[in-house]
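So you can see what is in the structure, the chains are spelled out below.
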Amino acid sequence: MPALSDALACLPRENHATILQRTLREQQTLLDSAGVGIVFIRHRRVVRCNPRYAEIFRLASPDDAVGRSSEALHPSRDAFRELGRAAFPVMARGETYRTERQMRRADGQLFWAHLTGRLINPADPSEGSIWIVDDIDEQRRAQAELSAAVREKQALFDNAMVGIVVLRERHLVRCNRHFEQILGYGPGELRGMSARQWYPSEEAWREAGEECYRRINRGEDYEGQLTFRAKDGRLVTCEVRSRALDPQDPAQGTLWIAMDVSERQRIQAQLAQMHGALEQQVRERTRELRETVERLHREIDERQRDQQRIYWMAHYDALTGLPNRLMLAERGAEAVRRAREDGTPLAVMFLDLDNFKHVNDSLGHRVGDALLAEMGRRLRSAVRERDTVARLSGDEFVLVLPGANAQGAARVAAKMQEAARQPVQVEHHELSMSPSMGIALYPEHGTDFETLIQAADIAMYRAKAEGRNGYRFFSPRMQAQSAQALQLTNALRRALERGQFSLHYQPQISLATGAVCGVEALLRWHHPELGPISPGEFIPVAEDSGQIIAIGEWVLDTALAQLKRWQAQGLPELTMSVNLSAAQFRHPQLPELIEQLLAQHGLPGDRLELELTENVAVDDPQTAAQIMGKLNAQGVRLAIDDFGTGYSSLSQLKRFRIYRLKIDQSFVRDLRHDGNDRAIVSAIIRMAQTLGMRTTAEGVETAEQLALLRENGCDEAQGYHISRPVPAEEFERFLLAQPQP
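Overview of the structure. (Residues numbered from 1 in each chain as written. Predicted model: local features only at pLDDT ≥ 70, side-chain atom pairs only at ≥ 80, totals over all residues. Heavy atoms only, no water.)

Turning our attention to the overall build of the protein. Along the backbone of the protein there are 25 helices and 26 strands. Nonlocal contacts in the protein, meaning residues at least 24 apart in sequence, comprise 56% of its contacts between residues at least 6 apart. Of the accessible surface of the protein, which amounts to about 40,900 Å², a share of 51% is contributed by carbon and sulfur atoms. For the protein, the distance from the average position of its 93 positive side-chain charges to the average position of its 102 negative side-chain charges is 3 Å. (Helix = DSSP H or I, 4+ residues; strand = E, 2+ residues; numbered from the N terminus. Contact = heavy atoms within 4.5 Å. Areas by Shrake-Rupley, 256 points an atom, 1.4 Å probe, with all protein chains shown as cover. Lys, Arg positive; Asp, Glu negative; His and termini not counted. Charge placed at Lys NZ, Arg CZ, Asp CG, Glu CD.)

What follows deals with the sheet that holds strand β13 (residues 396–402). Sheet strands associate in pairs through backbone hydrogen bonding, adopting either a parallel or an antiparallel arrangement. Read across the sheet, five strands follow the order β12-β13-β11-β16-β17 without closing on themselves; strand pairing throughout is mixed. Edge positions in the open sheet fall to β12 (388–393) and β17 (470–473), since each of these has one partner strand only. Ignoring which end each strand starts from, the neighbouring axes of this sheet average 20° apart. As defined by bridge partners, strand β11 (residues 346–353) adjoins strand β16 (residues 435–442) across eight bridges and the pair is classed as antiparallel. (Pairing = 2+ DSSP bridges. Axes fitted to C-alpha atoms, helices over the stretch in contact; angles between N-to-C directions.)

Turning to the side chain of Q562, a few remarks are in order. Turning to its location among the elements, Q562 is positioned in helix α17 (residues 548–568). If we skip the residues at most four places from it in the chain, Q562 touches Y505, A728 and E732.

Moving on, we come to the packing of aromatic side chains. By the definition in use, this model includes 15 aromatic pairs. Geometrically, the ring pair formed by Y505 and W566 is edge-to-face, given 5.1 Å between the ring centres and 70° between the ring planes. Placement of the pair is Y505 in strand β18 (residues 501–510) and W566 in helix α17, with a sequence separation of 61 residues. Judged by its relative accessible area of 2%, Y505 is buried. Taking the relative accessible area as the measure of exposure, W566 reaches 1% and is therefore buried. Through successive ring pairs, a cluster of aromatic residues spans F501, W525, F538 and W554. Its guanidinium or amino end placed over the ring of F111, R105 lies 4.0 Å from that ring's centre, counting from NZ or CZ. Sitting over the face of the ring of W112, R140 holds its NZ or CZ atom 3.6 Å from the ring centroid. (Phe/Tyr/Trp six-rings, centres within 6.5 Å; stacked < 30°, edge-to-face > 60°. Buried < 20%, exposed > 50% of the residue type's maximum accessible area, 1.4 Å probe, protein only. Lys NZ or Arg CZ within 6 Å of the ring centre and 35° of its normal.)

A word on unusual backbone geometry. Glycine aside, the phi torsion of most residues is negative, and most peptide linkages are trans. Omega for the bond connecting Y442 with P443 falls within 30 degrees of zero, at 0°, which places this linkage in the cis form. With respect to the helices and strands, the residue P443 is situated in the loop between β16 and α14 (449–465). In this structure, N469 is a non-glycine residue whose phi angle is positive, near 50°.

Here we come to the side chain of E698. The topology assignment puts E698 in the loop between β25 (694–697) and α24 (703–711). Overall, the relative accessible area of 9% leaves E698 in the buried class. Apart from residues lying up to four places away in sequence, E698 is in contact with E520, D641, D642, K662, I663, D664, Q665, V668 and Q718.

Read from one edge of the open sheet, five strands run β7-β6-β10-β9-β8, paired in antiparallel fashion. Only two strands of the sheet have a single neighbouring strand rather than two, namely β7 (171–175) and β8 (222–229). Going across the sheet, the axis of each strand differs from the next one's by a mean of 35°, ignoring polarity. Across seven bridges, strand β9 (residues 235–244) lies against strand β10 (residues 254–260) in antiparallel orientation. Looking at the pairing, R243 lines up with L255 of β10. Against the sheet, helix α8 (residues 202–217) contacts β6 (163–168), β8, β9 and β10, and its axis sits at roughly 155° relative to β8.

What follows deals with the environment of R243. Its location among the elements puts R243 in strand β9. A residue is classified by how much of its surface remains accessible, and R243, at 45% relative accessible area, is partly exposed. Separated by 149 residues in the primary sequence, R243 and G94 place their C-alpha atoms 55 Å from one another. For R243, the contacting residues outside a window of four places in its chain are I216, D221, T254 and L255. Only 2.6 Å separates the side chain of R243 from the side chain of D221, close enough to count as a polar contact. (Polar contact = N/O pair within 3.5 Å; in protein donor to acceptor, adjacent residues only side chain to side chain.)

Quick look at helix α5 (residues 77–92) now. The first and last C-alpha atoms of α5 sit 22 Å apart over 16 residues, in line with the 22 Å expected at 1.5 Å per residue. The principal kink in α5, of about 25°, is found at A86, preceding the proline P89 by one to four residues. What α5 keeps buried is the set F80, L83, A87, V90 and M91. Residues of α5 that are buried sit in contact with β3 (97–104), β4 (110–119) and β5 (129–135). Where α5 terminates, the next one or two residues include G94, which has phi positive at roughly 85°. (Expected span 1.5 Å × (residues − 1). Bend = angle between axes of the 7 residues up to and from the residue.)

Right, let's talk about the nonpolar core for a bit. As a rule of thumb, soluble globular proteins bury nonpolar side chains together. The biggest cluster of nonpolar side chains holds 74 residues, and the ones touching the most others in it are W566 and L610. Each residue touching L610, except ones within four places of it in the same chain, is listed here: L556, V578, L580, I594, L631, V636, R637, L638 and A639. Core analysis: the second largest hydrophobic core is formed by 31 residues, L322, V359, V367 and V426 among them. (Core = buried A, V, L, I, M, F, W, Y, C linked by side-chain atoms within 4.5 Å.)

Our focus in this paragraph is the pairing of β18. Residues in a regular strand point their side chains to alternate faces of the sheet. Taking burial as the measure, the 10 residues of β18 include eight buried ones, the bulk of the element. Bridge count for β18 against strand β19 (residues 516–527) is nine bridges, and the pairing is antiparallel. If you follow Y505 over to β19, its bridge partner there is A521. Between β18 and β19, which pair antiparallel one after the other, the connecting turn spans five residues, and G514 there sits at a positive phi close to 80°. Here two bridges tie β18 to strand β26 (residues 716–717), and the two strands are oriented antiparallel to one another. Paired with I509 across the two strands is A717, which belongs to β26.

A separate point is the pattern of salt bridges. Side chains carrying opposite charge are able to pair once their charged atoms draw close together. Tallying each qualifying case throughout the model produces 44 salt bridges. Residue E55 is joined to R52 by a salt bridge in which the shortest nitrogen-to-oxygen separation is 3.2 Å. Taken together, the residues E55 and R52, both in helix α3 (residues 51–56) and three residues apart, mark about one turn of the helix. Taking the relative accessible area as the measure of exposure, E55 reaches 52% and is therefore exposed. Assessed through its relative accessible area of 21%, R52 is described here as partly exposed. A salt bridge links E374 to R378, with the nearest nitrogen and oxygen atoms 3.0 Å apart. (Salt bridge = Lys/Arg side-chain N within 4 Å of Asp/Glu carboxyl O.)

What follows is the structure, given as structure tokens:
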């Protein structure tokens, strides 16, 4: 510092030290009081810094900074070196280097800082440099928030559903697109234009200016309705609000917000026209109301009777006159409460009429309703006055038997069987029914009515499963089995969409040539948690829940798609056999679905064979014949699966134009040792030959069975002796391995 040394030279020697100390104290005070960080760096090490520098970098004290590498102050070594490359040329010329960069605090946090650096002696850079550090992190964050706010404001301006205009000296400075659209102008056409352009006349423009600016110049907001002229000459009525951008400086201009209310005014005019007509209607309605009031007085008595009838309809079944579900819940809860308080037994019986659906389907709902009404009377007459017999829904009835233990409930069940067994004459039909019943006891099987009725329901289904026309008492084992069935039902609901189903294919061979002539598609289900599930388990569940329709459609589509792929690969021509459930067969859209799938996959009808059970047409043979006729017309072949285990007549077989009979494996299994089975198989084959039908034996497991079938004239066979059902890829390998004719 030349100035300081010159001053010292002019003073007596004894005062030099005093002045130097005072100068150093002043410098230290300046450093300590500075609002920015000041640091001296030599050889990339901190030599000295002020408290603000330590505070910025979150160091305990300035002493804690001394000796630290200046590289540690930067986010990375590359950032440190980049700063050096940018700063040194400037500082070497004796100039001050300024920049804004990210720095690193002692705790590792990055922040934005403004850096000002200068060499202490540009002629000798080794003497070090001095840097001023200003923490601008908050300033940067505030600037970012301000920029975001500006962008949001601009987005609001551009996308507002009202017109927004800035005028200066009644010339448009800025407007949003919506205002341009209100007046029919293109983007930017209005910029710089005088407001006079969109007023219908000079007088309107002048009056609007006087009215609006009189208020605005007083520092008030203007609100009103103005009529503008659009570019195409049409008049546009707008609700307008305006104010000065700066009430203290009117020269800054005004802000206007305009909303097009032309359509609203048009509607209001229409409403005004309608008002007169409405008043006339009100007068007419008033007269009608007066007449209505008079009628209401006459209807009061009728309404009281209606209330009684409504109560009856809400609590009793209209068909049988028995209590309905609502009344049953009330009486059941009351019966449980009394049994709990008195310590007496209570039985709840769930009763379902076996095969009642067949009556409805074959004889019609009128006959079915008459049968239900008679059954309700019989059930009611077979129990005590204090017992409750309720119709739950359809052919389901529930009995609440206060005071009845297991023996008493069993006696009532026997009465129910006897009451249902007696023939019922409906029109010219004599009908006999049988009930399946489930019984639950309080408190062994439940302590509330809902639990008891659920237990009785489970027991009733067990009675149905074990042969119908009987009763079963609830047991915990039934509950577990019911829960398992419910689990299976729930899993089945998502199995199709989750791709858990697959098809396996079992070949069918000609016994005359030994060649593969057909293939049967068999459904398989592998659940990720339950593992492989037998079709015997899930098919009945799918039928009961109605899911069999969607699953069956998937099977048909997948099987035909696979058959088409095999055809495209040049494999031998095959017939694809697919099993149909009774529910699928009765579906009214089945022929249309088959026609659509065959067309979709480009296959002729005779490449598809549908397998039906013998009993599928027993309930409604006329409808079955119509469906089969439509399928035959498409060329689709029909086969009776498991033939010999159900009911079918020769006349039906001939009428239904069955192509193939599939001999059930139960007759094939003991073909060698059981003379009866051999006789049955021989009879089936001869009958089929007489009727012009083909035969396929199922479940062939030995070469001896195959030979006996060939001797008896059976046409085709399938079974484990030939091949198990296998995935498509394995079936292809099996087919390719067969000798070609």
